[in-house]
Amino acid sequence: MEFLVYLIVRGGSAYQHEILGDLLPEPPHRLATQRLHTYTYNLRQVFRSTGGESTYLHLRRHRYTLNRDAFDIDLWTMRDAITTAQCTTDPTVSAAALQSAVTAYRGPLAAGTGYLWLARHQKAVANEYVTAAAALAEALADRPTEAKAVLDLAARHHPDDELLTATAVTIRDRAS
């Protein structure tokens, strides 16, 4: 499961040396490589038993890649929507993309797993979400009730975030 989470966090692919460095830094290289091959085999077996015959995980030139079309991953949906929002100049398209990003978020990334390598990714994903929620609230500033609902939801996931608090104050002050 840790290997799958790692690939998901990395956008669906990673080179073998990156995986070994992050997930298996302690065993000797040969043993770590054998373990990674075992993880790969086991993951493919799980994919096959739950999803049927298809190619879910590719290995080519020491690069492991998930077939993105075979998975519905909330993190990928959120990040794709944020990218769409950032790449458009149309405020309506941007707001819709930000709404998709905020809706896709399910809470802190892989909460409770305890993976040592995960902390920096959890922080990055939380920041991406909070930034998207604040941007959406700003886009909805002319509709304070909707903007407040976005910020309230975001605050439930990240109650102590300063950006959310500052955005809420700014929108409240505009509405007054």
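Parameters and conventions
Residues numbered from 1 in each chain as written. Predicted model: local features only at pLDDT ≥ 70, side-chain atom pairs only at ≥ 80, totals over all residues. Heavy atoms only, no water. pLDDT = per-residue confidence, 0-100. Helix = DSSP H or I, 4+ residues; strand = E, 2+ residues; numbered from the N terminus. Expected span 1.5 Å × (residues − 1). Buried < 20%, exposed > 50% of the residue type's maximum accessible area, 1.4 Å probe, protein only. Pairing = 2+ DSSP bridges. 1 Å grid on protein atoms, 1.4 Å probe; cavity = no way out; pocket = protein on both sides within 12 Å on 5 of 7 lines; lining within 4 Å. Points joined across faces, edges and corners; volume = space filled by probe spheres on them. Nonpolar A, V, L, I, M, F, W, Y, C, P; charged D, E, K, R; others polar. Polar contact = N/O pair within 3.5 Å; in protein donor to acceptor, adjacent residues only side chain to side chain. Contact = heavy atoms within 4.5 Å.

Draft legend 1. Representation of the confidence of the model for the protein. Residues at a pLDDT of 70 or more form 100% of the protein, whose mean pLDDT is 94. At the low end of the mean pLDDT range in the protein sits helix H8 (residues 162-175), at 89; at the high end sits helix H4 (residues 74-87), at 98.

Draft legend 2. Summary view of helix H5 (residues 91-104). Taking 1.5 Å of rise per residue, 14 residues should cover 20 Å, and H5 covers 20 Å from first to last C-alpha, within 8% of that figure. What H5 keeps buried is the set Ser94, Ala95, Ala97, Leu98, Ala101, Val102 and Ala104.

Draft legend 3. How the structure looks around the pairing of strand E2 (residues 57-60). Across four bridges, the pairing between E2 and strand E3 (residues 63-66) is antiparallel. When the bridges of E3 are listed, arginine 60 appears paired with arginine 63. Counted along the chain from E2 to the antiparallel partner E3, the turn is two residues long, and its residue arginine 61 has a positive phi close to 50°.

Draft legend 4. Representation of the pairing of E3 in the model. Going residue by residue along E3, you find Tyr64 and Leu66 tucked away on one face and Arg63 and Thr65 left uncovered on the opposite face. Sheet analysis places strand E1 (residues 13-15) next to E3, joined by three bridges and oriented antiparallel. In the strand pairing of E3, serine 13 is matched with threonine 65.

Draft legend 5. Up close: the layout of surface pockets. If you add up the space inside the largest pocket, you get close to 230 Å³. Ile73, Asp74, Leu75, Leu109 and Ala110 are the residues nearest the centre of the largest pocket, which is lined by 16 residues in total. Taken together, the residues of the lining of the largest pocket break down into twelve nonpolar, one polar and three charged.

Draft legend 6. Structural context of the side chain of histidine 158. Structurally, histidine 158 can be placed in the loop between helix H7 (144-157) and H8. For histidine 158, a relative accessible area of 15% puts it in the buried group. There is a polar contact of 2.6 Å between the side chain of histidine 158 and the side chain of tyrosine 105. Excluding residues that lie within four positions of it along the chain, histidine 158 makes contacts with Tyr105, Pro108, Ala126, Tyr129, Val130 and Leu164.

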